[in-house]
Amino acid sequence: MEQQRLEREKSKRDEAQAKLNAAKAKRDAEAARQQAEIEKKHQKEIEDAAAKLKAAEAAYQAEVAKKGGAAKDKEKQEKQEKQ
């Protein structure tokens, strides 16, 4: 009789622990999902910033080339005028 009572109590404790474990696993999975979403958002922001930087660098280089070319043209004109 005592043995059966102990087994029932152990079974109840095991079931309660299993429920707690399942609830913890569910919370952990949700936290992992949220963290993955945050990381994905951050990665997209980094990629967008890198693309903007690349575009700005290209625009800057084009402007430098344009101004550099204009300065060279001006120097050529001045040399031709002196001759």
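Here the structure is shown first, and the text comes after it.
Before going into details, it helps to say that this report is about the structure given with it. No experiment lies behind these values; they were computed from the predicted model shown.

1. What about the overall build of the protein chain?
Counting its regular elements, the protein chain contains one helix and zero strands. Among the 83 residues that make up the protein chain, the fraction classed as buried is 0%. By element, 56% of the accessible surface of the protein chain is carried by carbon and sulfur atoms, the whole surface being about 8,000 Å².

2. Details of the pattern of salt bridges
Under the counting rule described, the total for this entry stands at seven salt bridges. The salt bridge partner of R5 is E2, with a shortest N-O separation of 2.4 Å. A residue pair is termed a helical-turn pair when its members lie 3 or 4 positions apart in one helix, as R5 and E2 do in helix α1 (residues 2-82) at three residues. Assessed through its relative accessible area of 45%, E2 is described here as partly exposed. When salt bridges with common partners are traced through the structure, they connect E2, R5 and E9 into a single cluster.

Conventions and cut-offs
Residues numbered from 1 in each chain as written. Predicted model: local features only at pLDDT ≥ 70, side-chain atom pairs only at ≥ 80, totals over all residues. Heavy atoms only, no water. Helix = DSSP H or I, 4+ residues; strand = E, 2+ residues; numbered from the N terminus. Buried < 20%, exposed > 50% of the residue type's maximum accessible area, 1.4 Å probe, protein only. Areas by Shrake-Rupley, 256 points an atom, 1.4 Å probe, with all protein chains shown as cover. Salt bridge = Lys/Arg side-chain N within 4 Å of Asp/Glu carboxyl O.

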